[in-house]
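One letter stands for each residue in the lines below.
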Amino acid sequence: MDQNEWVKLTLEQKKHQLFQDQKHTLDLFLERGAISKAQYDKSLGDLHEKMGVKL
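Not measured: the values here are computed from a predicted model. (Residues numbered from 1 in each chain as written. Predicted model: local features only at pLDDT ≥ 70, side-chain atom pairs only at ≥ 80, totals over all residues. Heavy atoms only, no water.)

Novice: Could you give an account of the nonpolar core, naming the residues involved and the relevant values?
Specialist: Phe19, Leu26, Ile35, Tyr40, Leu44, Leu47, Met51 and Val53 together form the largest nonpolar core, which totals 8 residues. Looking at this core, the elements with two or more residues in it are helix H2 (11-31) and helix H3 (37-51). Residues contacting tyrosine 40, with those up to four places away along its chain left out, are Lys23, Leu26, Asp27, Leu30 and Ile35. (Core = buried A, V, L, I, M, F, W, Y, C linked by side-chain atoms within 4.5 Å. Buried < 20%, exposed > 50% of the residue type's maximum accessible area, 1.4 Å probe, protein only. Helix = DSSP H or I, 4+ residues; strand = E, 2+ residues; numbered from the N terminus. Contact = heavy atoms within 4.5 Å.)

Novice: Break down the packing of H2 against H3 for me, citing the residues and quoting the values.
Specialist: Where H2 contacts H3, the axes come no closer than 10 Å and their chain directions differ by 175 degrees. Taken as axis vectors, H2 and H3 run roughly antiparallel relative to one another. Across the interface between the two elements, Lys15, Leu18, Phe19, Gln22, Lys23, Leu26, Asp27 and Leu30 from H2 touch Lys37, Tyr40, Ser43, Leu44, Leu47, His48 and Met51 from H3. Taken together, the residues of the contact of H2 with H3 break down into 8 nonpolar, 3 polar and 4 charged. (Axes fitted to C-alpha atoms, helices over the stretch in contact; angles between N-to-C directions. Parallel < 35°, antiparallel > 145°, perpendicular 65-115°, else oblique. Nonpolar A, V, L, I, M, F, W, Y, C, P; charged D, E, K, R; others polar.)

What follows is the structure in structure tokens.
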């Protein structure tokens, strides 16, 4: 997403995009074996809780 698209987003949309970016990073870590499934589940749960994002 470029800067022009980013500035047009609402705060809620920005929060959701940041959440998706962080989740993607966790997905990659799990896929590559950098973290365990238990670590992934814990981190994803913490991310949901701290960012207040519901899927």
